[in-house]
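Each chain, letter by letter, is given below.
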Amino acid sequence: MKRALNFNAGPAALPEAVLQKAQQEWLNIEDTGMSVMELSHRSQTFENIHNKAISLLKEIMDIPDNYEILFLQGGASLQFSMVPMNLLSTGKKAYYVLTGSWSEKALNEAGKIGDTAVAASAKDTNYTYIPSADEISFGEDAAYVHITTNNTIFGTQWNNYPVLEEVPLVADMSSDILSKKIDISKFGLIYAGAQKNLGPSGVTVVIIRKDLVNSSLTNLPTMLNYETHIKNNSLYNTPPTLAIYLLSLVLEWVKDQGGVEVLQENNTAKAKLIYDAIDNSEGFYKGHAQPESRSHMNVTFTLPDEAATKKFLEEAKLAGFVGLNGHRSVGGCRASIYNAVPLSHCEKLVGFMKNFKESYSSAAIKA
Ligand SMILES: *Cc1c(COP(=O)(O)O)cnc(C)c1O
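Residue positions are given per chain, counted from 1 along the sequence in the order it is written. Per-residue local features of the predicted model are confined to residues with pLDDT of at least 70, and side-chain atom pairs are confined, for both listing and counting, to 80 or more; whole-chain, interface and lining totals are unaffected and use all residues. Derived side-chain values reflect all non-hydrogen atoms in the structure, with water molecules and hydrogen atoms excluded from consideration.

- As annotated in an unreviewed UniProt entry, the protein carries the name Phosphoserine aminotransferase and is attributed to Peribacillus glennii.
- UniProt positions are given in the numbering used here, feature names are shortened, and annotations may be inferred rather than shown by experiment. You can read under Subcellular location (unreviewed entry) in the UniProt record for the protein the words "Cytoplasm".
- Looking at the Function (unreviewed entry) heading of the UniProt record, one finds this comment for the protein: "Catalyzes the reversible conversion of 3-phosphohydroxypyruvate to phosphoserine and of 3-hydroxy-2-oxo-4-phosphonooxybutanoate to phosphohydroxythreonine."

## With respect to the overall build of the protein
Point 1. The helix and strand inventory of the protein stands at 9 helices and 14 strands.
Point 2. Radius of gyration here is computed from C-alpha atoms only, and the compact-globule reference equals 2.2 Å multiplied by the residue count raised to the power 0.38. The C-alpha radius of gyration computed for the protein amounts to 21 Å, which stays within 12% of the reference 21 Å derived for 367 residues, consistent with globular compactness.
Point 3. Over its C-alpha atoms, taken along the principal directions, the protein stretches across nearly 70 × 55 × 30 Å.
Point 4. For accessible areas, the Shrake-Rupley method is used with a probe of radius 1.4 Å. Any residue's cover is judged against the shown protein chains and nothing else. Surface exposure of the protein reaches about 16,500 Å², of which carbon and sulfur atoms provide 49%.
Point 5. In this count, Lys and Arg are taken as positive residues and Asp and Glu as negative ones, while His and the chain termini are left out. Working definition for charges: the position is that of NZ of Lys, CZ of Arg, CG of Asp or CD of Glu. For the protein, the separation between the mean place of its 32 positive charges and that of its 39 negative charges on side chains is 6 Å. Here a strand is any run of E in DSSP of at least two residues, a helix any run of H or I of at least four, and the numbering for each starts at the N terminus.

## Quick notes on the sheet that holds strand S3 (residues 93–98)
Point 1. Across the sheet, which stays open at both edges, the 7 strands sit in the order S2-S10-S9-S8-S5-S3-S4 with mixed pairing between neighbours. Two strands lie at the open edges of the sheet, namely strand S2 (67–72) and strand S4 (115–121), each paired on one side alone. Adjacent strand axes in the sheet meet at a mean angle of 20 degrees, parallel and antiparallel pairs treated alike.
Point 2. Relative to strand S9 (residues 189–193), strand S8 (residues 169–172) is paired through 3 bridges, and the arrangement is parallel. If you follow Ala171 over to S9, its bridge partner there is Ile190. The rule for pairing is simple: two strands pair if DSSP sees at least two bridges between them. For helices, the fitted axis covers only the stretch in contact; all axes are lines through C-alpha atoms, and the angles between them, taken along N-to-C directions, range from 0 to 180 degrees.

## Considering the UniProt feature "binding site: pyridoxal 5'-phosphate" (unreviewed entry) in the protein
Point 1. Under the local residue numbering, the UniProt record ascribes the feature "binding site: pyridoxal 5'-phosphate" (unreviewed entry) to Ala76, Ser77, Trp102, Thr152, Asp172, Gln195, Asn237 and Thr238. Taken along the chain, the residues just named run across 163 residues; in space they spread out, the farthest C-alpha pair reaching 30.8 Å.
Point 2. Along the chain, Trp102 turns up in helix H4 (residues 101–111).
Point 3. Only protein chains enter the accessibility calculation, which uses a 1.4 Å probe; a residue whose area is less than 20% of its type maximum is buried, one above 50% is exposed, and one in between is partly exposed. The partly exposed category is assigned to Trp102, whose relative accessible area is 26%.
Point 4. Note on contacts: a residue pair qualifies if any of its non-hydrogen atoms lie within 4.5 Å across the two residues. In contact with Trp102, not counting residues within four places along its chain, are Ser77, Phe80, Thr148, Thr152, Ile153 and Asp172.
Point 5. Along the chain, the position of Asn237 falls in the loop between helix H5 (226–231) and helix H6 (241–257).
Point 6. On the basis of relative accessible area, Asn237 is assigned to the partly exposed category, the value being 30%.
Point 7. What Asn237 contacts, discounting residues up to four positions off in sequence, is His41 and Met223.

Right, here's the structure in full:
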């Protein structure tokens, strides 16, 4: 069976071993005679899967005991609203660092809930870089500062997170969670939709420091209150059982690989291969992100013109590559190389890029 060379931005490639394991257990999980989707979410079998996913995440990410781990629905996009609903009280302001479309969306949603301000912005360059620590400003009225750790569309990524002392740092990590080692204690709240690095769509991970949970939000809709989900171990209502099961398999896979440190090494090597191909192309390929802000998850690049981009994407498709078209706000191409994308696929892409450059350039000379 032929598997695609999948560079999709999200939903994205899953580890083949995870899909195989799920296939093995599809009709009969843990000798229940049922698929995981047919189990009661109150059954012991499901509860074990659910709790295993929580404890694996805690172990792999080295999450301290003063944090809660939640599995919610509604995607990262619902967190754009839930974060201010739960953390932004009257008289306070939420500060957002704008590094791309997702941070803009997060800011817009927060503006519907309370007072907001922009702490820094890279918009004037069409989001080619991550602002440095001294560009970020916020007042004493700050409820939190929000960042997007990896900018899926523009292909930039934070290397050094801002240190805010007392003010909680809130991070949308949808597209780089588990891709590298991070110090959780630097963050007040982390959220991530699963469909890039964690599993299929349908489950959203929220990691929240316990002291930030506000128990006086009695008017907040029950489902939008973090406290509801904390009190019920994310089992207040029916959770996305299949997605949580697949998340648990992905986390087992991460552990089998040797943990985030090993994934980080692999991701660095994968990204370097493609960026080197861009940098050694005599300007044929141009990276969108400034070198010091380059993402190890989403590599964005452009070609000399529209015609070249169109031909590149057509030929890439014929060669078995999927998902290389760039987002319309950047143009050109994007290779999303999340944890599950193997090095060998990146090597194939680099080979393809080199061949394409040569054949396109020599065709242009002949014409
Ligand atoms: C994909 C993505 C989102 C949106 O996630 P949904 O789960 O579709 O709501 C938000 N933020 C970032 C950084 C993303 O990459």
